[in-house]
Amino acid sequence: MKILKSEIDIGMEIERLSMKSEWRNKIIFGDCQNMGELEDSSIHLVVTSPPYFNAPFDYPDLFDSYKQFLNMIRNTAKELKRVLDEGRIAALVVDDTLIDGKKYPVVADITKVFIEEGFKYREKIIWIKPEGFIRISRRSGVILQHPYPMYYYPDNLQESILIFQNGDFDYKSISKDSKMESKIDIDEFQKEKWYLSVWQITNVLPNNNRLEKGIAAFPEEIPYRLIKLFSYKNEVVLDPFMGSGTTLKVALELDRKCVGYDIDLELLKVVKEKVGLNQATLTNDRPDFEVIIRKDSKHLRTKLQQKVKDNHNRRQ
Ligand SMILES: C[S@@+](CC[C@H](N)C(=O)[O-])C[C@H]1O[C@@H](n2cnc3c(N)ncnc32)[C@H](O)[C@@H]1O
């Protein structure tokens, strides 16, 4: 005899189904040291680029000290460990920062922090920018003015893409269908030389007429490769330092879901435009998206850019 389900059972089932189908991508303005909106193990991939420690052309004096910067990185690493699913990847685009002739070993220190917080250090890829496309660091000019020993500072063409893993990945946990629909295009892989630990990719120049003006945005090609290489379709990609929203945009284009955090509320319009949300209103008009503005968000960009201008004028 067929057993009829009670109304309560049916009601619960419908709610479960609608919860499943009602995943909402999230844009959250607030400090990513607290990602309380996200459940444990709910994220399948992190692709991000933290603020370059007090970099003179992007974040002058954003942090009181290098120690404070590393503390922020550690707290974020703890949260990433919590929200990332077992065996999944956190990829960080980072670089050492040169301030007043002193280099801060950001790449080494972030690696150490992530290992200390329980991540496996899986890989390092070097991102090389084309010569002539350098945005700020024409440091080699010093030796042209002073062609003597000790004046040497090279122009910096590279950044590191650090790949951390949250324990071991269970390859058997992925269905055959998921594997098939997320298959990597081997022709593209070979042609674009994804197989090398050095990736040659043109960087984004934050010119005045670009959406990314005043934001140290990375090129779409970086999240494009990482998302294809380290996540399956319909999985959730997180960028805790979303900036203009490059990771979110690419994740959506590749049929993944996305979550982004940024502390700077002044980026709201830029992010909405980049991910294709209506910019005209602050309210959420796309049911597949929610925009959360927390009390700990700040207004940063205008102040930072003014400081960059002031510093530039002082040097002239
Ligand atoms: C290098 S940018 C990211 C750029 C981004 N990858 C893009 O393509 O546009 C770093 C971002 O981190 C944000 N940020 C700095 N501290 C933060 C924090 N504690 N929590 C969340 N975002 C933060 C900055 O406002 C900045 O937009």
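For the structure, see preceding data.
Residues numbered from 1 in each chain as written. Predicted model: local features only at pLDDT ≥ 70, side-chain atom pairs only at ≥ 80, totals over all residues.

Focus: the overall build of the protein chain
So, point 1. Within the protein chain, the secondary structure is distributed over 10 helices and 11 strands.
So, point 2. A total of 316 residues make up the protein chain; the buried ones form 29% of that total. (Helix = DSSP H or I, 4+ residues; strand = E, 2+ residues; numbered from the N terminus. Buried ≥ 20, exposed ≤ 12 C-beta atoms within 10 Å, placed from the backbone.)

Observations regarding helix α7 (residues 221–230)
So, point 1. The complete set of buried residues in α7 reads I222, P223, R225, L226, I227 and F230.
So, point 2. Buried residues along α7 sit against β2 (43–48), β3 (84–94), β6 (120–128), β7 (158–165), β9 (236–239) and α8 (246–253). (Contact = placed C-beta atoms within 7 Å.)

Thoughts on the packing of helix α2 (residues 66–83) against helix α3 (residues 106–116)
So, point 1. The contact between α2 and α3 brings their axes to 9 Å, and the two run at 35°. Here the hand of the crossing between α2 and α3 comes out right-handed. Listed contacts from α3 to L70, I73, R74 and A77 of α2 are D109, I110, V113 and F114.
So, point 2. The residue makeup of the contact of α2 with α3, split by class, is 6 nonpolar, no polar and 2 charged. (Axes fitted to C-alpha atoms, helices over the stretch in contact; angles between N-to-C directions. Left-handed = near helix turned anticlockwise from the far one by under 90°. Nonpolar A, V, L, I, M, F, W, Y, C, P; charged D, E, K, R; others polar.)

Regarding the site of the ligand
So, point 1. As a matter of local geometry, the ligand sits amid 21 residues, with A217, F241, G243, S244 and T246 nearest to it.
So, point 2. Classifying every residue of the shell around the ligand gives 12 nonpolar, 5 polar and 4 charged. (Near = placed C-beta within 6 Å.)

What about the nonpolar core?
So, point 1. Core analysis: the largest hydrophobic core is formed by 57 residues, its most contacted members being V46, A90, A91, I227 and V237.
So, point 2. Counting residues per element, this core draws most heavily on β3, at 7 residues.
So, point 3. Leave out the neighbours within four places in its chain, and V46 touches L80, L84, A90, A91, L238 and P240. (Core = buried A, V, L, I, M, F, W, Y, C linked by C-beta atoms within 7 Å.)

A word on the pairing of strand β1 (residues 25–29)
So, point 1. Across the 5 residues that make up β1, a large majority, 4, are buried.
So, point 2. Across 4 bridges, the pairing between β1 and strand β10 (residues 257–262) is parallel. What sits directly across from I27, in β10, is G260. (Pairing = 2+ DSSP bridges.)

Notes on the sheet that holds β6
So, point 1. Read across the sheet, 9 strands follow the order β8-β6-β7-β3-β2-β9-β10-β1-β11 without closing on themselves; strand pairing throughout is mixed. The sheet terminates laterally at β8 (198–200) and β11 (289–293), the two strands that pair on one side only. On average, adjacent strands in this sheet sit at an angle of 15° to one another, irrespective of strand direction.
So, point 2. In the sheet, β2 pairs with β9 via 2 bridges, with the strands oriented parallel. By the bridge assignment, V46 is partnered in β9 with L238.
So, point 3. Packed onto the sheet, α2 meets β2, β3 and β9 and runs at close to 145° relative to β3.

Brief notes about the environment of E221
So, point 1. Looking at where E221 falls in the secondary structure, it is placed in helix α7.
So, point 2. By the C-beta count within 10 Å, which is 18 here, E221 ends up partly exposed.
So, point 3. Sequence-wise, E221 and N203 are 18 residues apart; in three dimensions their C-alpha atoms are separated by 9.3 Å.

So, α8
So, point 1. Burial runs high along α8: 6 of the 8 residues are buried.
So, point 2. Considered for burial, the residues of α8 that qualify are T246, T247, L248, K249, V250 and A251.
So, point 3. The inward-facing, buried residues of α8 abut β2, α7, β9, β10 and α9 (268–275).

Observations regarding unusual backbone geometry
So, point 1. With a phi close to 85°, M150 is a non-glycine residue in the positive phi region.
So, point 2. Overall, M150 belongs to the exposed group, with 6 C-beta atoms counted inside 10 Å.
So, point 3. Positive phi outside glycine occurs at K193, with the angle close to 60°.
So, point 4. Within the secondary structure layout, K193 lies in the loop between α6 (186–191) and β8.

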